[in-house]
Amino acid sequence: MAVTSRIAQAQRMTSWQRFKVSRVIAWLILAGVAFLFVVPVVWMLSTSLKTSADLANPNWIPQPLAWHNYRDAFSFGQWGRWTLNSLIITGVSTVGAVLSTALVGYSFGRLRWPGRDLLFGVVLATMMVPEVVVMIPRFIIFSRIPAFGFQGSDVWVNTFLPLTVPSWLGATAFEIFLMRQFMRNIPVELSEAAKIDGASELRIWWSIALPLSRPVLATVAILKFQGAWQDFMGPLLYLQDESKYTLQLALRQFEFAAGGSPAWNHLMAASLVVMLPVLVIFLIFQRYFVQGVNITGLAGR
Amino acid sequence: MRVSAQDTQAGQLEGAIVGQRRPRFTWKLSHREALTGWLFASPWIIGFLLFTAWPMLFSLYASFTRYNIIQDPEWIGLQNYQQIIHDPRVYTALENTFYMVLYKTPIVMSVSLGIAMLLNMDLPGEKLFRTLIYFPSVLAGVASIYLWQWILAPNGLLNNALAVFGINGPSWFTDPEWTKPGLIVMGMWFIGTNVLIYLASLKGIPETLYEAAEIDGASPLRKMWHITLPMISPAIFFQIVTTIIGTFQIFTTAYIISGTRSNIGGPRQSMLFYVLYLYNRAFGRVGPAGLQMGYASALAWVLFAIILVITLFQLAMSKRWVYYETS
């Protein structure tokens with residue numbers, strides 16, 4: 001008793017002292033830092049609403065507010081087409097990544113089969129391989145596999161296939177790792193009961209494991225959505241026709257159109273629109289983003 | 001805990017079935033599970049063979065050849081590797097890349113740890129601050145690269161802000177001396193992920209350790225040195241390793257900022273990073289005409305070797321300073 005009250009007293013004293021000095025300073029520093037992280041996006045919004053004549057001025061509130069930038073920015077090129085392309089590629093690869101890594105993760109986490117632990121070691125090892133080592137041979141493979149005229153191309157290069165099909169084949173090791181870690185820890189009682197009732201493993205996976213794994217499915221879906229939406233190197237390598245571009249490639253059109261320094265107000269307007277889906281999803285599903293990061297951190301143990 | 005319980009439970013179940021009554025059923029059951037296991041894992045197995053294992057073997061082979069995709073690879077032995085040793089652009093690229101690794105890593109590590117510690121002080125508004133610091137990290141991509149090119153313009157937002165303090169800001173991405181510092185400044189906007197990993201690690205330190213130290217009258221500095229740093233050392237180690245691996249592979253940022261210029265790698269090759277050089281070599285925008293898949297493959301394997309050596313070195317060194325709790 002005497003010891004605990006002394007601790008409590010000591011804590012009270014220190015927190016009171018800290019309130020006076022360090023905690024107020026710490027709060028001010030933290031608030032200042034947080035402010036610095038927000039400023040760029042505010043500046044982006046401000047720039048996107050400036051007239052060309054107003055661009056060089058350092059003012060924050062544009063005079064006048066040039067809302068028409070958001071119309072003018074998209075007045076050239078095939079923005080509807082590019083948006084659709086981004087949506088198709090992102091959507092198809094997200095669905096594929098979630099389904100395939102959930103299946104593979106279930107196999108690694110819950111089924112017993114010879115060679116499983118060895119192969120899981122291989123999964124982890126592939127995380128170490130730099131993307132560039134496989135970039136060139138993948139390009140060569142995709143320039144050889146026939147596409148039979150799909151999207152007007154003889155081979156997979158210059159179609160959406162290289163950007164989507166790998167996701168259906170358990171594309172990234174990290175996503176499999178996430179799935180496996182989660183599925184290992186869902187309670188077994190339900191699946192044992194279903195097994196005794198004669199349910200097939202596929203059925204157990206679909207109607208028991210998947211519903212119980214919603215948090216990790218959401219995390220993988222969000223990570224994949226973000227990665228696919230923002231991917232630049234993939235589309236740069238594989239998409240040649242302008243009509244097949246994604247939004248990330250399309251943003252470069254401002255520079256090409258200007259032959260150098262782009263119209264920054266239009267570019268910022270377009271950039272903000274391209275960022276928006278990820279920003280909105282982040283604000284709604286922040287906790288799944290954080291979950292993904294925390295599991296990443298734990299992977300280091 | 002749960003896993004081991006599950007294993008013993010399954011073990012008992014199996015043991016009960018194995019008991020001489022129905023041996024044939026067991027045989028079929030375990031074989032069926034093995035088959036299901038392989039089938040469920042088959043998407044990854046196919047993907048791995050097709051898109052990782054085979055490409056790695058092919059790329060290793062290609063690195064000993066002259067290969068432009070159109071004609072068959074021509075075996076030239078170690079010539080590509082010899083050429084790398086004498087390629088001045090490789091040294092420029094390595095120098096630029098190591099600059100980023102050496103300067104960016106410690107800055108990112110210490111700034112993000114500092115912010116994480118502030119967030120761990122139970123201050124009012126912590127959740128909002130955490131969101132504001134983290135959200136830029138999810139906005140990677142071409143859009144945010146352009147945003148920073150605009151902010152770091154010679155008359156951009158940052159230089160205007162510096163001017164308030166009487167500092168005459170550099171012209172960042174157009175001055176070869178300042179392109180890499182510019183990239184580091186820009187990189188600071190994306191440290192939210194690092195901050196969150198540190199924060200989770202800090203929150204995992206048992207409060208009792210600090211209470212015990214306080215009773216012993218330890219100063220804040222001693223607590224930092226003897227409790228906080230050892231306890232979060234696994235997180236520090238993990239982040240150093242992953243940050244270095246990531247920094248070695250910088251591509252998109254440098255490609256966008258210097259991409260549309262005829263001079264690849266920005267003003268006076270100051271942003272010619274290793275992967276950017278490799279990409280341009282492979283797709284024939286630098287060096288002799290045509291696609292140079294063989295030479296680029298050799299470049300890729302040299303990079304892989306460098307990353308591997310550095311990672312293994314860090315792993316060996318980690319035994320000296322990373323503290324793993326044994327529960």
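Bear in mind the structure is a predicted one, so any value in this text is a computation, not a measurement.

1. Some words on the overall build of chain A
Here is step 1 of the chain: From N to C terminus, chain A includes 15 helices and zero strands.
Here is step 2 of the chain: Since a compact globule built from 301 residues should have a radius of gyration of about 19 Å, the 25 Å found for chain A marks it as more spread out than a globular shape.
Here is step 3 of the chain: Within chain A, counting contacts between residues at least 6 apart in sequence, those at least 24 apart form 70% of the total.

2. Things to note about the overall build of chain B
Here is step 1 of the chain: A tally of helices and strands in chain B yields 14 helices and two strands.
Here is step 2 of the chain: Within the span of chain B, comprising 327 residues, buried residues form 37% of the whole.
Here is step 3 of the chain: Pairs at least 24 residues apart make up 65% of the contacts formed inside chain B by residues separated by at least 6 positions.

3. Focus on the domain arrangement of chain A
When the parts of a complex come together, some accessible area is lost, and that lost area is often used as the size of the interface.
Residues and elements named next belong to chain A.
Here is step 1 of the chain: Examined at the domain level, chain A breaks down into domain 1 (2–70) and domain 2 (77–299).
Here is step 2 of the chain: Relative placement of domain 1 and domain 2: their C-alpha centres are 34 Å apart.
Here is step 3 of the chain: Tallying the contact residues gives 10 residues for domain 1 and eight residues for domain 2.
Here is step 4 of the chain: Counting residues per element, the ones that place at least two in the side of domain 1 that touches domain 2 are α2 (22–48) and α3 (69–72).
Here is step 5 of the chain: Examining the composition of the side of domain 1 that touches domain 2, we find that four residues originate from one element, α2, more than from any other.
Here is step 6 of the chain: Considered class by class, the residues forming the side of domain 1 that touches domain 2 number five nonpolar, four polar and one charged.

4. Quick word on unusual backbone geometry
Here is step 1 of the chain: Omega for the bond connecting Gln63(A) with Pro64(A) falls within 30 degrees of zero, at -5 degrees, which places this linkage in the cis form.
Here is step 2 of the chain: With respect to the helices and strands, Pro64(A) occurs in the loop between α2 and α3.
Here is step 3 of the chain: Backbone geometry places Ile69(B), a non-glycine residue, at a positive phi of 75 degrees.
Here is step 4 of the chain: With respect to the helices and strands, the residue Ile69(B) is situated in the loop between β1 (65–66) and β2 (74–75).
Here is step 5 of the chain: At Asp122(B), a residue that is not glycine, the phi angle is positive and equals roughly 60 degrees.
Here is step 6 of the chain: Counting through the fold element by element, Asp122(B) comes out in the loop between α4 (88–119) and α5 (126–134).

5. Let's talk about the interface of chain B and chain A
Here is step 1 of the chain: On the side of chain A, 78 residues touch chain B, which itself brings 76 residues to the contact.
Here is step 2 of the chain: Ranked by residue count, the leading element in the side of chain B that touches chain A is helix α2 (residues 23–62) of chain B, at 19 residues.
Here is step 3 of the chain: Residues that form the side of chain B that touches chain A fall into these classes: 55 nonpolar, 17 polar and four charged.

6. Observations regarding the packing of α2(A) against helix α6 (residues 142–151) of chain B
Here is step 1 of the chain: For the pair α2(A) and α6(B), the least separation of the axes is 10 Å and the interaxial angle reads 85 degrees. Here α6(B) runs roughly perpendicular to α2(A), going by the angle between their axes. Two secondary-structure elements touch here, α2(A) through Pro40(A), Trp43(A), Met44(A) and Thr47(A) and α6(B) through Leu147(B), Trp150(B) and Ile151(B).
Here is step 2 of the chain: Classifying every residue of the contact of α2(A) with α6(B) gives six nonpolar, one polar and no charged.

7. Points about helix α7 (residues 161–168) of chain A
All names here are of chain A.
Here is step 1 of the chain: Burial analysis of α7 places six of its eight residues in the buried class, the great majority of the element.
Here is step 2 of the chain: Every buried residue of α7 is listed here: Pro162, Leu163, Thr164, Val165, Pro166 and Ser167.
Here is step 3 of the chain: Gly170 sits one or two positions beyond α7 and adopts a positive phi of about 55 degrees.

8. Quick word on α4(B)
Here is step 1 of the chain: Under the 1.5 Å per step criterion, the end-to-end length of α4(B) is 46 Å for 32 residues, consistent within 8% with the ideal 46 Å.
Here is step 2 of the chain: The set of residues buried in α4(B) consists of Ala93(B), Asn96(B), Thr97(B), Met100(B), Lys104(B), Val108(B), Ser112(B), Leu113(B), Ile115(B), Ala116(B), Leu118(B) and Leu119(B).
Here is step 3 of the chain: Those residues of α4(B) that are buried lie in contact with α2 of chain A together with α5, α8 (179–187), α9 (192–203), α11 (220–248) and α13 (274–282) of chain B.

9. Remarks on the nonpolar core
Here is step 1 of the chain: Counting 150 residues, the largest nonpolar core has Ile136(A), Leu251(A), Val195(B), Phe273(B), Leu278(B) and Ala300(B) as the members making the most contacts within it.
Here is step 2 of the chain: The greatest single-element share of this core, amounting to 12 residues, is contributed by helix α15 (residues 264–299) of chain A.

10. Here's the deal with the environment of Ala269(A)
Residue and element names in this part refer to chain A.
Here is step 1 of the chain: Position of Ala269 among the secondary structure elements: in helix α15.
Here is step 2 of the chain: Judged by the 27 C-beta atoms lying within 10 Å of it, Ala269 falls in the buried class.
Here is step 3 of the chain: Distance in space between the C-alpha atoms of Ala269 and Ser46 is 9.4 Å, their sequence separation being 223 residues.
Here is step 4 of the chain: Setting aside its immediate chain neighbours within four residues, Ala269 contacts Ser48, Asn69, Tyr70 and Ala73.

11. A look at the environment of Ser75(A)
Residues and elements named next belong to chain A.
Here is step 1 of the chain: For Ser75, the location among the structural elements is in the loop between α3 and α4 (79–110).
Here is step 2 of the chain: Residue class for Ser75 comes out exposed when judged on the 9 C-beta atoms lying within 10 Å of it.
Here is step 3 of the chain: Residues Ser75 and Pro40, spaced 35 residues apart in sequence, show a C-alpha to C-alpha distance of 26 Å.

12. Let's talk about the environment of Pro130(A)
Here is step 1 of the chain: By the secondary structure assignment, Pro130(A) is in the loop between α5 (116–126) and α6 (131–142).
Here is step 2 of the chain: In contact with Pro130(A), other than residues within four places in its own chain, are Gln249(B), Leu303(B), Phe304(B) and Ile307(B).

13. A short note on the confidence of the model for chain B
All names here are of chain B.
Here is step 1 of the chain: For chain B, the average pLDDT comes to 87, and 87% of its residues sit at 70 or higher.
Here is step 2 of the chain: The spread of mean pLDDT over the elements of chain B runs between helix α1 (residues 2–18), the lowest at 41, and α8, the highest at 96.
Here is step 3 of the chain: Here residues 1–24 scores under 50 on pLDDT; set against residues more than four positions off or in separate chains, the count is nine contacts.
Here is step 4 of the chain: Listed scores for the predicted complex are pTM 0.87 and ipTM 0.88.

Definitions and cut-offs
- Residues numbered from 1 in each chain as written.
- Chains lettered and ligands numbered in written order.
- Predicted model: local features only at pLDDT ≥ 70, side-chain atom pairs only at ≥ 80, totals over all residues.
- Helix = DSSP H or I, 4+ residues; strand = E, 2+ residues; numbered from the N terminus.
- Rg over C-alpha atoms; globule rule 2.2 N^0.38 Å.
- Contact = placed C-beta atoms within 7 Å.
- Buried ≥ 20, exposed ≤ 12 C-beta atoms within 10 Å, placed from the backbone.
- Domains from an automatic or database assignment.
- Nonpolar A, V, L, I, M, F, W, Y, C, P; charged D, E, K, R; others polar.
- Axes fitted to C-alpha atoms, helices over the stretch in contact; angles between N-to-C directions.
- Parallel < 35°, antiparallel > 145°, perpendicular 65-115°, else oblique.
- Expected span 1.5 Å × (residues − 1).
- Core = buried A, V, L, I, M, F, W, Y, C linked by C-beta atoms within 7 Å.
- pLDDT = per-residue confidence, 0-100.

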